Number of protein chains: 2
Amino acid sequence: MEILRYKNQSAKQLFGEREETSSAVESAVGRIIADVRENGDKALKAYAEKFDGFNGGSFEVTEIEISKAVQSLSSDYIKMLETSVFNIEKFHKKQLRKGFEIDDGNRIVGQKITPLERAGIYVPGGTAAYPSTVLMNAVPAKIAGVKEIVMTTPAKADGKIRAEVLAAAKICGVDRIFKAGGAQAIAALAYGTESIPKVDKITGPGNVYVAAAKRLVSGVCGIDMIAGPSEILIVADKGANPAVVAADLLSQAEHDVNASAVLLTDSKELAEKVVTELEIQVGKLPRKEIAQTSLDNNCKIILTDSIDCAIELSDKYAPEHLELCVGNAFEYLEKVKNAGSVFLGYNTPEAAGDYYAGPNHTLPTGGTARFSSPLGVDDFVKSTQYIYYTKSALESAAVDIIKFAVSEGLDAHAESVIARLDR
Amino acid sequence: MEILRYKNQSAKQLFGEREETSSAVESAVGRIIADVRENGDKALKAYAEKFDGFNGGSFEVTEIEISKAVQSLSSDYIKMLETSVFNIEKFHKKQLRKGFEIDDGNRIVGQKITPLERAGIYVPGGTAAYPSTVLMNAVPAKIAGVKEIVMTTPAKADGKIRAEVLAAAKICGVDRIFKAGGAQAIAALAYGTESIPKVDKITGPGNVYVAAAKRLVSGVCGIDMIAGPSEILIVADKGANPAVVAADLLSQAEHDVNASAVLLTDSKELAEKVVTELEIQVGKLPRKEIAQTSLDNNCKIILTDSIDCAIELSDKYAPEHLELCVGNAFEYLEKVKNAGSVFLGYNTPEAAGDYYAGPNHTLPTGGTARFSSPLGVDDFVKSTQYIYYTKSALESAAVDIIKFAVSEGLDAHAESVIARLDR
């Protein structure tokens, strides 16, 4: 692996385009959505059979199925889930906000916060099923005060859903679970079917079909961000352990062949040792093919003049995950502007944040950390403003409001004030 | 005008579909964006000439142009703008948030809030130019702490921009103003040209071309909501003045032929009097053709059994603007779940909120108040999470984190923890 040098290049020069490829799947997904919207459960059933090979029984997961799933898992596993939920709750509770009110005597303005009525969580199936996805979406919704949390996830051909996923849903208080996956599940959540209720917002990751479906139903209901391939950028100084840095790069690379792993360091020695470590470690991984392809395509090791330069370049890249494997990590955190989640010091692997520490793992990718935030309680509430004028307050403001309205050519706006004065 | 009766119908049955029509302009806009992205200022110049008839001089508005604009306006007008900015600032300052940190001794998790570096505000030109648009976008950005606020607005053929718009920009501290409009301006803000700097987020209203362009560049930079036609829903009891209610319905109807105005009342007498008042008042308006068409197409007067029923129906509709023209407005505000901005009591016309009272006038339309919020300071900041574990904290958590990673089939994630334990 080649070691590059940072000489104030742009992020684009160093890392290429990270834009999403425009989706050729959109028209297929558009047809699926129209079909589910028109034919409801009938269409859902047909797609479940076609795509998942699942053709039996009801969409809704029963209490018995959930109990069986919980019982099939070790008490250690359940306890681990519970600790994780505890940490995630503790963090997200801090995100809760109250409204405010400014009372000027004869004039009140304010903002109130209302939780969404019903949220829909999409949990992918496929090769790996992620209980952490359930936790990271359901816990913030619950804390926000969402009345009903509905989850959909594809069943396997035998109608089963992974026990870990069902147990996670049970522990964080998901209200209803449906066996439906892909674009058709997104359509069902957005428009509702006989079985699946229409929700106000859909969150959760998915493949390109799910992403395209979320994009197409956006506006009919709310959606969270459309996540691209996962990324890590590690800033490391000479105090970092090369084996640890390599392990962290690989923990990203194993996700999928499009995942990106970048190391920025001011130590040539560290860079060289990490290259060696990568070669040693990758061969030992069960997912070594994926990790190796990802390393070949999207792994960069870049030497910078200083750690400050590395932070500057990191801000240009705006990584989803940023590790500051440096001695004085909190000092550098102050300087970081664009990143989804930051892992501080030598002892904080990204993996700690993926499941366990408490912050969310749904993070802005592809450089969107420049302007967007991790998933959180804010995604499950909305605010409503309000204004109250007494007659005397309106009389005092009337001249200005009328002047403003007339200057914008909107006379009926002015008339609506005048009508009140004449009363 | 027919008076309808609410018998627990759905919002769709009463008001029809309010979805945005899928945009046939997208491919044309796609070409404009590609052109600006490739040819920068040259493309911008060509489009300014083609669409606005403006072909002279530089894109950037000079200090001299701005001074002249301010001087051309009456001191009363400037004072009115300043009062409005004062009110908007006072409201939006309450939206400012701080980060938080949870320090468990050997484990710290937190969230920090960072303002966007550069925001781009789009201000439409055309038949009416709105200084209030400048205020409602620039003030929240400024309060959020955005480093640089860039504004684009189309110039007329003579290269001029309305004095009111320039003065508003000056008063709220817009840093740079460019003469560019339409999809090409959005492309310039998203990708940057020789003259216009690339921004992190674009906010502001616009026609279908601007809306399509914002949708297409979303992800390259952030965008605010895509606003649909404006709406008002008035809940009025028998204490409301029919002339006032009619004036308020018309203040919405005059916006454009697609604007919607809905009255819900439990008083048949009021409903009938409002119908009469509408007929009288609409004829007197300068924009009477627009208002009349809008009334014919999208105005509904609906009788409900009670004010509580009206609130229930309003929540199904989720209006952009909600007036509670009732005696005990604050009591009913408690029950409102879905609305952008609420105007309370008999003396608070929507017009007060459009310019002056302080809350934002950029509000969710088309029922999206179910899940989205007015524009505010939050739109101009983003949050970054952070996590710090000491070695001992990681050792305590290691068993759980490894268990979680392995259960998701991600062994390199587990290895990244193990590598630190072995150190």
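Owing to the predicted nature of the structure, the values given are computational and were not obtained by experimental measurement. (Residues numbered from 1 in each chain as written. Chains lettered and ligands numbered in written order. Predicted model: local features only at pLDDT ≥ 70, side-chain atom pairs only at ≥ 80, totals over all residues. Heavy atoms only, no water.)

Participant: Could you clarify how one ought to interpret the overall build of chain A in this entry?
Facilitator: In terms of helices and strands, chain A carries 16 helices and 14 strands. A principal-axis box enclosing the C-alpha atoms of chain A has dimensions of 85 × 60 × 45 Å. For chain A, with 423 residues in total, the buried portion stands at 60%. In chain A, of all internal contacts separated by at least 6 residues, the share reaching a separation of at least 24 is 74%. Here chain A has roughly 15,900 Å² of accessible surface; of this, 50% comes from carbon and sulfur atoms. Across chain A, the 47 positively charged side chains and the 57 negatively charged ones have centroids separated by 3 Å. (Helix = DSSP H or I, 4+ residues; strand = E, 2+ residues; numbered from the N terminus. Buried < 20%, exposed > 50% of the residue type's maximum accessible area, 1.4 Å probe, protein only. Contact = heavy atoms within 4.5 Å. Areas by Shrake-Rupley, 256 points an atom, 1.4 Å probe, with all protein chains shown as cover. Lys, Arg positive; Asp, Glu negative; His and termini not counted. Charge placed at Lys NZ, Arg CZ, Asp CG, Glu CD.)

Participant: Explanation requested: the relation of the copies chain B and chain A in the structure shown.
Facilitator: Each copy of the chain is related to the other by a rotation around an axis and a translation along that axis. With an RMSD of 0.0 Å, chain B superimposes on chain A once it is rotated by 180° and translated 0.0 Å along the axis. When the rotation and shift are considered jointly, the pair of chain copies conforms to a two-fold rotation axis. By C-alpha distance to the rotation axis, the residue of chain B lying nearest is B:Arg97, at 4.6 Å. A high fraction, 99%, of the interface residues of chain B reappear at the interface in chain A, so the copies pair face to face through one surface. (Least-squares fit on C-alpha atoms with pLDDT ≥ 70 in both.)

Participant: Explain the interface of chain B and chain A here, please?
Facilitator: The extent of an interface is frequently quoted as the accessible surface area lost upon association of the parts. Taken together, the 126 residues of chain B in the interface contact 126 residues of chain A. Carbon and sulfur atoms make up 57% of the surface buried where chain B meets chain A, a total of about 10,500 Å² over both sides. Broken down residue by residue, the surface that chain B buries against chain A is led by B:Gln385, B:Phe404 and B:Arg420, which jointly contribute 8%. At the junction of chain B with chain A, the criterion picks out 13 salt bridges. When the shortest N-O distance is used, the salt bridge between A:Glu323 and B:Arg420 registers 3.9 Å. The residue inventory of the side of chain B that touches chain A, partitioned by class, reads 59 nonpolar, 32 polar and 35 charged. Bridge analysis of strand S14 (residues 381-389) of chain A against strand S13 (residues 341-344) of chain B gives four bridges, and the strand direction is parallel. Counterpart to A:Ile387 in the pairing with S13(B) is B:Phe343. (Buried area = accessible area lost by both parts, 1.4 Å probe. Salt bridge = Lys/Arg side-chain N within 4 Å of Asp/Glu carboxyl O. Nonpolar A, V, L, I, M, F, W, Y, C, P; charged D, E, K, R; others polar. Pairing = 2+ DSSP bridges.)

Participant: What's the story with the sheet that holds S14(A) in this structure? I'm lost.
Facilitator: The pairing of strands in a sheet comes from backbone hydrogen bonds and takes either a parallel or an antiparallel form. Judged by pairing direction, the sheet is mixed, and its nine strands sit side by side in the order S2(A)-S3(A)-S14(A)-S13(B)-S12(B)-S9(B)-S10(B)-S11(B)-S1(B) without closing on themselves. In this open sheet, the two edge strands, each paired with only one partner strand, are strand S2 (100-103) of chain A together with strand S1 (3-5) of chain B. Strand-to-strand, the axes of this sheet are offset by a mean angle of 20°, without reference to chain direction. Of the pairings in the sheet, the one linking strand S3 (residues 107-115) of chain A to S14(A) comprises nine bridges and is antiparallel in character. Within the sheet, the bridge partner assigned to A:Pro115 lies in S14(A) and is A:Val381. Sheet strands touched by helix H11 (residues 288-298) of chain B: strand S10 (260-265) and strand S11 (299-303) of chain B. Its angle to S11(B), the strand with the most contacts, is close to 45°. (Axes fitted to C-alpha atoms, helices over the stretch in contact; angles between N-to-C directions.)

Participant: Explain helix H10 (residues 268-282) of chain A to me, please; I cannot follow it from the model alone.
Facilitator: Note on helix geometry: an α-helix contains 3.6 residues per turn, so any two residues three or four positions apart are oriented the same way. Residue and element names in this part refer to chain A. Along its 15 residues, H10 runs 21 Å from first to last C-alpha, staying within 8% of the 21 Å computed at 1.5 Å per residue. Burial in H10 covers these residues: Leu270, Ala271, Val274, Val275, Leu278, Gln281 and Val282. In an axial view of H10, the angular spread of the buried residues amounts to 145°, which keeps them on one side of the axis. Exposed residues lying more than 90 degrees from the buried face of H10 are Lys268, Glu269 and Glu279. Buried residues along H10 sit against strand S1 (3-5), strand S9 (231-236), helix H9 (242-253), strand S10 (260-265), helix H11 (288-298) and strand S11 (299-303). (Expected span 1.5 Å × (residues − 1). Arc of directions from axis to C-beta.)

Participant: Any chance you could explain the nonpolar core here in plain terms?
Facilitator: Soluble globular proteins tend to bury their nonpolar side chains together. Counting 66 residues, the largest nonpolar core has A:Val134, A:Met151, B:Tyr389 and B:Ile401 as the members making the most contacts within it. Discounting chain neighbours no more than four positions away, the residues touching B:Tyr389 are A:Asn347, A:Thr348, A:Ala352, A:Tyr356, A:Ala357, B:Asn106, B:Arg107, B:Leu394 and B:Ala397. (Core = buried A, V, L, I, M, F, W, Y, C linked by side-chain atoms within 4.5 Å.)

Participant: Can you help me understand the pattern of salt bridges in this one?
Facilitator: When the charged atoms of two side chains lie near each other, side chains of opposite charge can form a pair. In the structure shown here, the tally under the stated rule is 45 salt bridges over all chains. Notably, a salt bridge pairs B:Arg370 with A:Asp200, separated by 2.8 Å at the nearest N-O pair. Separated into two different chains, B:Arg370 in the loop between helix H14 (350-355) and strand S14 (381-389) and A:Asp200 in the loop between helix H7 (182-191) and strand S7 (201-203) make up a pair that spans both. Comparing B:Arg370 with A:Asp200, the two get one shared label, buried.

Participant: Can you walk me through the pairing of S13(B) in this structure?
Facilitator: Each regular strand shows side chains that alternate between the opposite faces of the sheet. Residue and element names in this part refer to chain B. Neither face of S13 is open: one carries Ser341 and Phe343, the other Val342 and Leu344, and all of them are buried. Bridge analysis of strand S12 (residues 321-325) against S13 gives four bridges, and the strand direction is parallel. Its bridge partner lying in S13, Leu322 is registered against Val342. Considered for its hand, the β-α-β crossover made up of S12, helix H13 (residues 329-335) and S13 is right-handed. (Right-handed = clockwise from strand over helix to strand, strands pointing away.)

Participant: What should I look at first to understand the pairing of strand S5 (residues 148-153) of chain A in this one?
Facilitator: All names here are of chain A. The element S5 is extensively covered by neighbouring structure, given that six of its six residues are classed as buried. Of the two faces of S5, the one lined by Glu148, Val150 and Thr152 and the one lined by Ile149, Met151 and Thr153 are each fully buried. As paired strands, strand S4 (residues 118-122) and S5 are joined by five bridges and run parallel to one another. Residue pairing across strands places Arg118 opposite Glu148, the latter belonging to S5. Sheet topology places S5 next to strand S6 (residues 176-179); four bridges connect them, and they run parallel. Along S6, the bridge assignment pairs Thr153 with Lys179. Crossover S5 to S6 through helix H6 (residues 163-171) is right-handed.

Participant: How should the confidence of the model for chain A be read in this particular structure?
Facilitator: Parts of the prediction with low pLDDT should not have their coordinates interpreted in detail. The predicted model of chain A averages 92 in pLDDT, with 97% of residues at 70 or higher. Here the prediction assigns the complex a pTM of 0.94, and the interface score ipTM is 0.94. (pLDDT = per-residue confidence, 0-100.)

Participant: Sorry, what's going on with unusual backbone geometry here?
Facilitator: If a residue is not glycine, its phi is most likely negative; likewise, a peptide bond is most likely trans. Residues and elements named next belong to chain A. Look at Asn8: it is not a glycine, yet its phi comes out positive at around 70°. Within the element layout of this structure, Asn8 appears in the loop between S1 and helix H1 (11-15). Unusually for a residue other than glycine, Ala318 sits at a positive phi of about 55°. For Ala318, the position within the fold is in the loop between helix H12 (307-317) and strand S12 (321-325). Taking relative accessible area as the criterion, Ala318 reaches 0% and is therefore assigned buried.

Participant: Just checking my understanding: could you explain the packing of helix H15 (residues 391-407) of chain B against helix H16 (residues 411-421) of chain B for this structure?
Facilitator: Any two packed helices are characterised by how steeply their axes cross, that is the angle between the axes, and by the distance between the axes. Residues and elements named next belong to chain B. Put simply, H15 and H16 touch, their axes get as near as 9 Å, and they point 155° apart. With respect to their mutual orientation, H15 and H16 come out roughly antiparallel. For the element pair H15 and H16, the recorded crossing hand is left-handed. Of the residues in H16, those in contact with Lys391, Leu394, Glu395, Ala398, Ile401, Ile402, Ala405 and Val406 of H15 are His413, Ala414, Val417, Ile418, Arg420 and Leu421. Grouping the amino acids of the contact of H15 with H16 by side-chain chemistry returns ten nonpolar, one polar and three charged. (Parallel < 35°, antiparallel > 145°, perpendicular 65-115°, else oblique. Left-handed = near helix turned anticlockwise from the far one by under 90°.)

Participant: I'm lost on the packing of aromatic side chains in this one. Help?
Facilitator: For any two aromatic rings, the description comes down to two numbers: the centre-to-centre distance and the angle of the planes. Counting across every chain of the model gives ten aromatic pairs over all chains. Between A:Phe404 and B:Tyr355, the ring centres sit 4.7 Å apart and the planes meet at 15°, which makes this aromatic pair stacked. Placement of A:Phe404 in helix H15 (residues 391-407) and of B:Tyr355 in helix H14 is noted, with the two residues assigned to different chains. Its relative accessible area of 0% is what places A:Phe404 among the buried residues. For B:Tyr355, a relative accessible area of 1% translates into the label buried. A centroid spacing of 5.8 Å and a plane angle of 5° characterise the contact between B:Tyr47 and B:Phe51, whose relative ring orientation is stacked. Here B:Tyr47 and its partner B:Phe51 are both found in helix H2 (residues 26-52), four residues apart, which amounts to about one turn of the helix. A relative accessible area of 45% places B:Phe51 in the partly exposed class. An aromatic cluster of three or more residues is present, and its members are A:Phe330, B:Tyr386 and B:Tyr388. The residue whose ring lies beneath A:Lys45 is A:Phe59, and the NZ or CZ to ring-centre distance is 4.7 Å. (Phe/Tyr/Trp six-rings, centres within 6.5 Å; stacked < 30°, edge-to-face > 60°. Lys NZ or Arg CZ within 6 Å of the ring centre and 35° of its normal.)

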